[in-house]
Amino acid sequence: MNRQASNTFLREQINVASAELREKLIDEGVAFDTIADFDEDDIQSLCASIRRPGGQIQDANGDRVRNVGIAVPYLVEKRLKLACYAARYYTLVGRPVDVVSMTWELVSKFEAFKELQDEHKDPKDLPPVSKSLPILKWMEVFESYLQNTLGVAKVPLAYVTRDDVGVEPIARNPLAPPPFRSAAVRTEVSNIL
């Protein structure tokens, strides 16, 4: 674990202003290279225990006093949860979790993506091949079905049937805002999925 990279990530991308909080998060394992290991519940529990750790600590005079914890702003907790989600997604689809992929500009785009996944409803069952649905028409229905169905890992099933197994470099990340909105861009994103 690179403490300096993690500290910079927490300060610049997650907006953790308190050096004490950054150090505590890193001590608890929230590091740049391990953030994908946490889920939303883990971050919520961790932030709660940092806010109210309980027990006693020594003050400057050497007296035992109640440990009042460290303030964890709501926005920091929210950003940490989203960063964990983004890192897990990158890991799942074979993209690197690095300084480029974990900028807040890219991570923030995952909020809308997460909402889409949470609200997603799989389509009806795939109709069988029949006289009214010959195999060639069924293949079109099947392709649409794969694009609209999420697998166990919440990734569209069409992603695993793509022609090119290689992962595009992060510079061509489909979650990055395109320079313009057009049919060509929508086609490219659908081809990546």
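The following paragraphs examine the structure supplied in this document. Because the structure is predicted, anything quoted here is derived from the model rather than measured.

A closer look at the pattern of salt bridges
With the rule as written, the count across this model stands at 9 salt bridges. Its salt-bridge partner being Glu23, residue Arg3 comes within 2.5 Å of it at the nearest N-O pair. Taken together, the residues span a long stretch of sequence, with Arg3 in helix α1 (residues 3-12) and Glu23 in helix α2 (residues 19-27) at a distance of 20 residues. A relative accessible area of 31% places Glu23 in the partly exposed class. Here Lys114 makes a salt bridge to Glu40, at a shortest N to O gap of 3.4 Å. Placement of Lys114 in helix α6 (residues 110-119) and of Glu40 in helix α3 (residues 40-51) is noted, with a sequence separation of 74 residues between them. Through salt bridges with shared partners, a single network forms among Arg3, Glu23 and Asp27.

Quick look at the state of the cysteines
Disulfides are covalent bonds that connect the sulfur atoms of two cysteines. As enumerated under the stated definition, the model contains 0 disulfides in all. With no disulfide partner, Cys47 has as its closest neighbouring cysteine sulfur the one in Cys84, 9.3 Å distant. In this structure Cys84 comes out as buried when scored by relative accessible area, which is 0%.

Considering a nonpolar patch on the surface
A cluster of nonpolar residues, Val129, Ile135, Leu136 and Met139, forms a patch on the protein surface that exposes about 410 Å² of accessible area. Note on placement: Ile135 falls in helix α7 (residues 135-148). A residue is classified by how much of its surface remains accessible, and Ile135, at 47% relative accessible area, is partly exposed.

Quick word on the side chain of Glu77
Within the fold, Glu77 resides in helix α4 (residues 74-92). Contact partners of Glu77, with chain neighbours within four places excluded, come to Ile43, Gln44, Cys47 and Arg51.

Concerning the packing of aromatic side chains
Per the counting criterion, the structure on display carries 6 aromatic pairs. With centroids separated by 5.4 Å and ring planes inclined at 80°, the aromatic side chains of Tyr90 and Phe110 adopt a geometry described as edge-to-face. Note that Tyr90 is positioned in helix α4 and Phe110 in helix α6, a separation of 20 residues in sequence. Here the two residues Tyr90 and Phe110 agree in accessibility, since each one is buried. Each residue in the set Tyr85, Tyr89, Tyr90, Phe110 and Phe113 is aromatic and connected to the rest through ring pairs, giving one cluster. Between Arg79 and the ring centre of Trp104, over which it is positioned, the NZ or CZ distance is 4.0 Å. Across from the ring centre of Tyr85, 5.7 Å away, lies the NZ or CZ of Lys114, which sits over that ring.

Thresholds applied
Residues numbered from 1 in each chain as written. Predicted model: local features only at pLDDT ≥ 70, side-chain atom pairs only at ≥ 80, totals over all residues. Heavy atoms only, no water. Salt bridge = Lys/Arg side-chain N within 4 Å of Asp/Glu carboxyl O. Helix = DSSP H or I, 4+ residues; strand = E, 2+ residues; numbered from the N terminus. Buried < 20%, exposed > 50% of the residue type's maximum accessible area, 1.4 Å probe, protein only. Disulfide = S-S within 2.5 Å. Patch = residues over 30% accessible without salt bridge, like charges linked within 9 Å, V, L, I, M, F, W, Y side chains within 5 Å. Areas by Shrake-Rupley, 256 points an atom, 1.4 Å probe, with all protein chains shown as cover. Contact = heavy atoms within 4.5 Å. Phe/Tyr/Trp six-rings, centres within 6.5 Å; stacked < 30°, edge-to-face > 60°. Lys NZ or Arg CZ within 6 Å of the ring centre and 35° of its normal.

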